[in-house]
Amino acid sequence: MSDAPESGSAADDGSESPAFERLFERTPDAVLVIDAAANRIRRCNDRACELLGYDRERLLSLGPPDIHPHDCDVFEAFVERVRDRGSGFTAELSCRTRDGEVVPVDVTATTVRFEGRDRILAILRDASARTERERELRRRSAAIAAADDGIAVLDADGAVVYANGAYASLFGYDDPDALAGATWEELYATPGRFELDCRPTVAESGEWRGELTAPRADGDDVPVRASVTALEGGEFVCVARDVSEERRRERRLTGLAESSRELLTAADRDDVSRIAIRTVADALGHELACVRLYDAEANELVRTATTDAAAELVRSAVAYDLKSSNAGGAYRSAETVRNESSAADAYTDDPCRAEVHVPIGEFGVLSVFDREAPLTKVDVQLIELFAGVVRSALTRAERDERLQSRRSELERRREELAAGDRFNTLVTEVIRSVLRATSGEEVKRRVCEELAGASLYEAAWIASVGTGGDPEAVTIDSSSVATEPFAESDAESFVTSPFARRLVRKAHEADAAVVERRRFESENGTEADADDESIAAAVPVACGRQRFGVLAVAGTEESGFAEATQSGLELLGETLGFAIIADRRRNTLIESDAVELEFSFESPLGDLSAALNCRCDHLGSVTDAGDGHAYETRITHGDFAEIRAFLDDYPAVRECGLVERRGGTCVVEITVAGAPPGLLAEAGFSLVSLHASDGDTRLIAEVPSDEDVTRVLDTLSEYWDDVELVAKRQTPTRGVDLAVPADGVAGLTDRQRSVLETAYEKGYYDWPRGHTAEEVAESLDIASATLHQHLRAAEHALVSSFVGDERE
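Residues numbered from 1 in each chain as written. Predicted model: local features only at pLDDT ≥ 70, side-chain atom pairs only at ≥ 80, totals over all residues. Heavy atoms only, no water.

Looking only at helices and strands, the protein chain features 25 helices and 28 strands. Counting over 808 residues, the protein chain shows a buried share of 42%. Roughly 41,900 Å² of accessible area belongs to the protein chain as shown, and the carbon and sulfur atoms make up 47% of that amount. (Helix = DSSP H or I, 4+ residues; strand = E, 2+ residues; numbered from the N terminus. Buried < 20%, exposed > 50% of the residue type's maximum accessible area, 1.4 Å probe, protein only. Areas by Shrake-Rupley, 256 points an atom, 1.4 Å probe, with all protein chains shown as cover.)

This is the structure:
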């Protein structure tokens, strides 16, 4: 090959001239002269050394394969094109630098004559910046295409030039090209808004933001939040996002907030459950749900509130219980239980595809179901959030219920105390009336009038049961009735009504107060209001074992029949019984003539008198701690051992003790399980004497002249066998001319007086009692039974002092 320059080559134009040299060295691009045949670099400029990282000497020792080791085939093909055409350009080559870095280059080449031979003059321009820009554009294009937000480029008139898939899906299209050329007015249901709002706002501030409605191809409307900014050349870029789910979440959260406020006003657990279920259906959008609350007594979860759809599902699906076992698991573990199934599952008889059971603390479980699709993570999170709100509401409702219960209890106690005060005042007035009464009949009348005239009651009556030979007969002894609150039109109709008679019979058979309620019926046969209900209570009128009838009261105020008031009525019944006895004793005392009744009956002392040929005289008696009664008896027989040996054979005699021996007479204390010592006093009779001689026991009692002898006989026959009336005689009343002891305590021992004073000081005789018998006994350091024994003895001595009970 000749080194002479060829015609038309660069060498022909003076490629080695000074001008060429200056241009070669000063050009800003890298320049190489390449011997393609020898694969050698024959010449390079400083920019080439700088680009490739070699010094000139080292670079001129290299060939193109060293510069383009990874692009050899591309380089050789390029060189062939340049040889064939005389010049060429490629952007497909890159150079590897001395540091191993690969630099993309744009190569412009031409054939030249250099040093008398054909060479390739290659100009290399670093394309790194351009390549990076192209790479960044590709990344951005891919990001726009893959973005969840809809992105579109609009021309100056607002028509779509480019749209990504997300933008097309907003309008119900799969292919973004379907929107090409579509105008703003065609896409959004807001004609003129682009020209009147968007364009002016972008021109003024650079950006427009707003919310739009996008009609979809399937006919639905989608809420869209969009922003529009300007591009160079008068175009616009629009970014739009479907906010349907966001709106749904907002509606849910708004519904939850409203429900939370409503839950704050819930009255009780059931009310909380109903509000919770309504919120799940309306605000959260789940039509299948239920609330189960834990029942501690039954030890199970009980469904307390259910949506209509869930209730219908339970009715229609055989043996379907809304997954109670899974709800129980959530309650026991205190963690959410979630189950899902697909349509392809073999188990297809479950009517629901998804279920979630969220514990509501210690109160129960909130269960939510879906027939068609699984519950999303957001769905479960909102349900769990709401379950926490329900738990707080249940806690507050439970606390409010406790507080309300306490307030009600305090109010009830306050009312009871107020009623107790009123009743105490009433009892005081009744007792005063009793003390002012001059006869038993007046006592009964005044008691009825005072009770019926008080604010607590509207009616009061005293009745007897079993008169006239009929054990079921009820006789009204006295009454006072205000008929306005009752159905009966007159007093007699009320106190003789079946309701009143039934009440009296029950109290006659009971030892405590009997309370009955009566709800009246309206004229059409339906139950009347609660205000039409009346209440009645009855207590025995008794003194000890003696019954003198029944005291009954009726009214409409609950406080008049409270437990404490019932106790007061019982005390009033005892007081009335005592007053009746006192009246009988008084009648006996004030009458110039009384009737003396002498009775004969069998007793161990009678047998003793016959066996030992002695006489037994009753001196006094007391009741011991049990149900035994100790009688002090003077026996005209000096051998106590013989007396005790004889009486030990009688089961009724529990104990026999020697009190004193005086010559041929013994004073003994005999404890028996028989007649109580106060038997006659409780019945209103006076004991004259009790003695036994010649095998016969005789009891002489003084009674009013109008007393029914049969009643006295029945009283004695209750405790002794073969009681017979052997004599009835008129006699001057005993004790009429006896003076009442000045100190009022004749016959009291120091111990009896001390016990009596202590009981009085501690309010034992007040009503309500200031202290119970047990408390008084404890203060005296004695047993309760001993206290009662001392009190009975002291009371007997006091009553005997005032009514003149003589002892032989």
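Continuing now.
The contact between helix 10 (residues 244–263) and helix 11 (residues 269–282) brings their axes to 10 Å, and the two run at 170°. One element, helix 10, and the other, helix 11, form an angle in the roughly antiparallel class. Facing helix 10, whose interface residues are Gly255, Leu256, Ser259, Glu262 and Leu263, helix 11 presents Val272, Ile275, Ala276, Arg278 and Thr279. Among the residues making up the contact of helix 10 with helix 11, the classes are represented as five nonpolar, three polar and two charged. (Axes fitted to C-alpha atoms, helices over the stretch in contact; angles between N-to-C directions. Parallel < 35°, antiparallel > 145°, perpendicular 65-115°, else oblique. Contact = heavy atoms within 4.5 Å. Nonpolar A, V, L, I, M, F, W, Y, C, P; charged D, E, K, R; others polar.)

To continue, consider the sheet that holds strand 1 (residues 30–35). Across the sheet, which stays open at both edges, the five strands sit in the order 2-1-5-4-3 with antiparallel pairing between neighbours. If you trace the sheet from one side to the other, it starts and ends with strand 2 (40–44) and strand 3 (87–96), each paired once. Strand-to-strand, the axes of this sheet are offset by a mean angle of 35°, without reference to chain direction. As paired strands, strand 4 (residues 102–114) and strand 5 (residues 117–126) are joined by 10 bridges and run antiparallel to one another. (Pairing = 2+ DSSP bridges.)

Moving on, we get to the confidence of the model for the protein chain. Mean pLDDT for the protein chain: 82, with 88% of residues reaching 70 or above. Predicted confidence is poor over residues 1–14, with pLDDT under 50, and the contacts of this stretch with residues over four places away or in other chains come to 25 contacts. Every residue in residues 735–740 scores below 50 in pLDDT, and together they form six contacts with partners more than four places removed in sequence or on other chains. (pLDDT = per-residue confidence, 0-100.)

Moving on, we get to the pairing of strand 3. For a regular strand, side chains alternate in direction, first toward one face of the sheet and then toward the other. For strand 3 and strand 4, the ladder comprises eight bridges, and the chain directions are antiparallel. In the strand pairing of strand 4, Thr90 is matched with Val107. Here strand 3 folds back onto strand 4, and the loop between the two strands holds five residues, one of which, Gly100, carries a positive phi near 90°.

Next up on the list: the side chain of Thr97. Inspection of the secondary structure puts Thr97 in the loop between strand 3 and strand 4. What Thr97 contacts, discounting residues up to four positions off in sequence, is Leu51, Leu52, Tyr54 and Val103.

Looking now at the packing of aromatic side chains. For the structure shown, the criterion picks out 11 aromatic pairs. One aromatic cluster is present, formed by Tyr167, Phe171, Trp184, Tyr188, Phe194, Trp208 and Phe236 through successive ring pairs. Between Arg43 and the ring centre of Phe24, over which it is positioned, the NZ or CZ distance is 4.6 Å. (Phe/Tyr/Trp six-rings, centres within 6.5 Å; stacked < 30°, edge-to-face > 60°. Lys NZ or Arg CZ within 6 Å of the ring centre and 35° of its normal.)

Turning our eyes to something else, we now look at the environment of Gly328. For Gly328, the position within the fold is in helix 13 (residues 324–333). Take Gly328: its relative accessible area is 8%, and that puts it in the buried class. As a C-alpha pair, Gly328 and Tyr294 span 34 residues in sequence and 9.7 Å in three-dimensional space.

A positive phi angle is found at Lys323, which is not glycine, with a value near 55°. Among the secondary structure elements, Lys323 is positioned in the loop between helix 12 (308–316) and helix 13. Relative accessible area serves as the criterion here: at 18%, Lys323 is assigned to the buried category. The phi dihedral of Asp722 is positive, around 55°, even though this residue is not glycine.

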